[in-house]
Amino acid sequence: MSFVFICNYAYGLTWQMEGSSLNPIKNYIIESPDDVNDSAFDDPGSQYKIRIKSGGEYNLSRLDAISGDAKSVLIDVESDNAVVLVADSGFDGVFDTELLKESLTRIVLTDDFLASVTGDELLRFNDITMDGVIYIDEEHTSSTYSYSWTDCATGIKCIKRTYSDSYLLARQSQNYEARLQSNGVANNPNMLLRPMNVITKHELFNVYDFSDGFSVSLSPEYYNAKHFQNVGIRMNSGTKIGGRLSIGAVAYAMRSDFKNDVSDFKSNVYGGNLRFNYDIDEVMFLRGVGGLNFATIDCDNVVKENGVVSNPDAFGLYGGIDFGAKFNFESGLFLSPFIGVGTTQESVVDVKEKDSFIRAGGDVGYKYFMDGVTYSYILRAGLDTHGYFDASVGINAYTVSDKIGGGVLLGLVDTDFGLSGKVSANIKFVF
């Protein structure tokens, strides 16, 4: 059994009864656009049906506002006259109320509304069933784009901008020119220093194994960083002088291939450094490194102050010193907190880059002797005053009787252009 009681004027109430259930449906009658006010419905839990009885232009922001928190709202256009929905600068672009087609014929996007929109998606309509005409304010015309309906989600339709092919090609060209200015090495010769800078930072921060006797080692190496890799080889040598001082010398040669979205170049980096470690007493120590780099770069038409240059050379200097304390434990474990300073200076074409920093960190290691073989493990980590961190792990072993050994080094360094990693393996001879 069901019965319906309807009382409609400016505001009415409909009751529907099916079986034993009683569900109120409140009707909101709009006779003209002037009848739309901004007051929300007084009962968010009820069902509302807004009925537009006559044609005219209805402001979407005002129409959407009257639904308030009442989510169960249906707007139904019952008139034979054309009803136009207008989106102006006061509309946020989202219409959450269900909207039926009927005689709704146009959606007007005013010039004010278009100017306030960011992105290509303009209007979102929840559960819309109409596929009506989209009308653009006559004062706003453009040959670069048009507007169309799109299913942007289940039950949701969107009005989106669709750009012409010629406009997309022009914008792509503009974006390429912008990327060329920001990412191209021709206009940013400092980017030519990145392969060298990565090598420099790893040389400053990686662990170095000093042997009690004179040693020579050979190591293939691989560096990975954003847009490029370095591959090369190094030779280390070192010895201990007296009971407190250890010194070492390093030479290396690296090949780099750099490629980003707009440019590429190749470089050969040659360099070396001297290292030392001095035990001040049983606990305190001082260690340091100083080196240089030279790079030949295969790159055409790099802009400089007085014109352009091809295949430029780059040069760099670096140095660092740490002061710390080493605490040895009977188990073979040791702990070494330290604080240090470092500096780098690199130049290419007419660009010079300088950097100085203070760094603090610590070493944690373990060294032991078993079956004629000495094993050592060390982890070093630090943080500098720029907020960049570094970490490296060294694993080494050599036989005391044969005086031969090897090891693996893993490094990770943060810089102003991202993370870089290093993998190195070595074979070492101790004399």
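For clarity, every value in this text was computed on a predicted model and none was experimentally measured. (Residues numbered from 1 in each chain as written. Predicted model: local features only at pLDDT ≥ 70, side-chain atom pairs only at ≥ 80, totals over all residues. Heavy atoms only, no water.)

Remarks on the overall build of the chain
Link 1 in the chain: Helix and strand counts for the chain stand at four helices and 29 strands.
Link 2 in the chain: A buried classification covers 42% of the 431 residues belonging to the chain.
Link 3 in the chain: Of the contacts made within the chain by residues no fewer than 6 positions apart, 55% connect residues no fewer than 24 positions apart.
Link 4 in the chain: Accessible surface computed for the chain: about 22000 Å², of which carbon and sulfur atoms make up 55%. (Helix = DSSP H or I, 4+ residues; strand = E, 2+ residues; numbered from the N terminus. Buried < 20%, exposed > 50% of the residue type's maximum accessible area, 1.4 Å probe, protein only. Contact = heavy atoms within 4.5 Å. Areas by Shrake-Rupley, 256 points an atom, 1.4 Å probe, with all protein chains shown as cover.)

Looking at helix H4 (residues 194-205)
Link 1 in the chain: Taking 1.5 Å of rise per residue, 12 residues should cover 16 Å, and H4 covers 17 Å from first to last C-alpha, within 8% of that figure.
Link 2 in the chain: Burial runs high along H4: 11 of the 12 residues are buried.
Link 3 in the chain: Within the sequence span of H4, burial applies to Pro195, Met196, Asn197, Val198, Ile199, Thr200, Lys201, His202, Glu203, Leu204 and Phe205. (Expected span 1.5 Å × (residues − 1).)

A closer look at the side chain of arginine 359
Link 1 in the chain: Residue placement: arginine 359 occurs in strand E25 (residues 351-370).
Link 2 in the chain: By relative accessible area, arginine 359 is classed as buried at 4%.
Link 3 in the chain: With residues near it in sequence (within four places) discarded, arginine 359 still touches Phe205, Asp322, Phe338, Ile339, Gly340, Arg380, Gly382, Leu383, Asp384 and Asp390.

So, the nonpolar core
Link 1 in the chain: Membership of the largest hydrophobic core comes to 31 residues, with the highest contact counts inside it found for Val185, Leu192, Phe265, Ile297, Cys299, Ala314 and Val348.
Link 2 in the chain: Listing elements by their share of this core, those giving two or more residues are H4, strand E15 (215-225), strand E17 (245-259), strand E18 (264-279), strand E19 (284-298), strand E22 (313-325) and E25.
Link 3 in the chain: In terms of residue count, the dominant contributor to this core is H4 (five residues).
Link 4 in the chain: Once residues lying within four places of it in the same chain are set aside, the contact partners of cysteine 299 are Val185, Leu192, Phe265, Val309, Ser310, Asn311 and Pro312. (Core = buried A, V, L, I, M, F, W, Y, C linked by side-chain atoms within 4.5 Å.)

Topic: unusual backbone geometry
Link 1 in the chain: Phi at histidine 227 is positive, roughly 80°, even though this residue is not glycine.
Link 2 in the chain: With respect to the helices, strands and loops of the structure, histidine 227 is situated in the loop between E15 and strand E16 (228-241).
Link 3 in the chain: If you check the backbone angles, aspartate 371 has positive phi at about 55° while not being a glycine.
Link 4 in the chain: Looking at the element boundaries, aspartate 371 is found in the loop between E25 and strand E26 (373-384).
Link 5 in the chain: Exposure remark for aspartate 371: the relative accessible area of 73% places this residue in the exposed category.

Regarding the pattern of salt bridges
Opposite charge on two side chains makes pairing possible when the charged atoms of those side chains draw close.
Link 1 in the chain: All told, the structure shown has 10 salt bridges when counted by the stated rule.
Link 2 in the chain: The shortest N-O distance in the salt bridge between arginine 234 and glutamate 203 comes to 2.0 Å. In this pair, arginine 234 is assigned in strand E16 and glutamate 203 in helix H4, connecting sequence segments 31 residues apart.
Link 3 in the chain: Note that aspartate 363 is salt-bridged to arginine 380, the shortest N-O span being 2.8 Å. Of this pair, aspartate 363 sits in strand E25 while arginine 380 sits in strand E26, placing them 17 residues apart in sequence. For the pair aspartate 363 and arginine 380, a shared accessibility class is recorded, and that class is buried.
Link 4 in the chain: One continuous salt-bridge network, built from bridges that share partners, spans Arg287, Asp322, Arg359, Asp363, Arg380 and Asp390. (Salt bridge = Lys/Arg side-chain N within 4 Å of Asp/Glu carboxyl O.)

Comments concerning the packing of aromatic side chains
Link 1 in the chain: A full pass over the atoms with the stated rule returns eight aromatic pairs.
Link 2 in the chain: Ring geometry for tyrosine 366 and tyrosine 368: centres 5.2 Å apart, planes at 35°, overall tilted.
Link 3 in the chain: Assessed through its relative accessible area of 33%, tyrosine 366 is described here as partly exposed.
Link 4 in the chain: What makes tyrosine 368 partly exposed here is its relative accessible area of 25%.
Link 5 in the chain: In textbook terms, an aromatic cluster arises when at least three aromatic residues are bridged by ring pairs, as seen for Phe228, Phe258, Phe265 and Phe417.
Link 6 in the chain: The lysine or arginine in question, lysine 326, covers the ring of phenylalanine 334, its NZ or CZ lying 4.5 Å from the ring centre. (Phe/Tyr/Trp six-rings, centres within 6.5 Å; stacked < 30°, edge-to-face > 60°. Lys NZ or Arg CZ within 6 Å of the ring centre and 35° of its normal.)

Brief notes about the side chain of serine 263
Link 1 in the chain: Along the polypeptide, serine 263 turns up in the loop between E17 and E18.
Link 2 in the chain: Within the structure, serine 263 has its side chain in polar contact with the backbone nitrogen of valine 185 (distance 3.4 Å).
Link 3 in the chain: Discounting chain neighbours no more than four positions away, the residues touching serine 263 are Asn183, Gly184, Val185 and Phe258. (Polar contact = N/O pair within 3.5 Å; in protein donor to acceptor, adjacent residues only side chain to side chain.)

Concerning the environment of tyrosine 163
Link 1 in the chain: Relative to the elements of secondary structure, tyrosine 163 occurs in strand E14 (residues 156-163).
Link 2 in the chain: As a C-alpha pair, tyrosine 163 and threonine 144 span 19 residues in sequence and 5.7 Å in three-dimensional space.

A look at the environment of isoleucine 241
Link 1 in the chain: If you trace the backbone, isoleucine 241 turns up in strand E16.
Link 2 in the chain: Residues isoleucine 241 and aspartate 212 lie 29 residues apart in sequence; the distance between their C-alpha atoms is 8.9 Å.

Looking at the pairing of E25
Link 1 in the chain: For strand E24 (residues 333-348) and E25, the ladder comprises 16 bridges, and the chain directions are antiparallel. The residue bridging serine 336 from the neighbouring strand is aspartate 363, located in E25.
Link 2 in the chain: Counted along the chain from E24 to the antiparallel partner E25, the turn is two residues long, and its residue valine 349 has a positive phi close to 50°.
Link 3 in the chain: Where E25 lies against E26, 12 bridges are found, and the strand directions are antiparallel. Residue tyrosine 366 lies in a different strand from E26, and its bridge partner there is tyrosine 377. (Pairing = 2+ DSSP bridges.)

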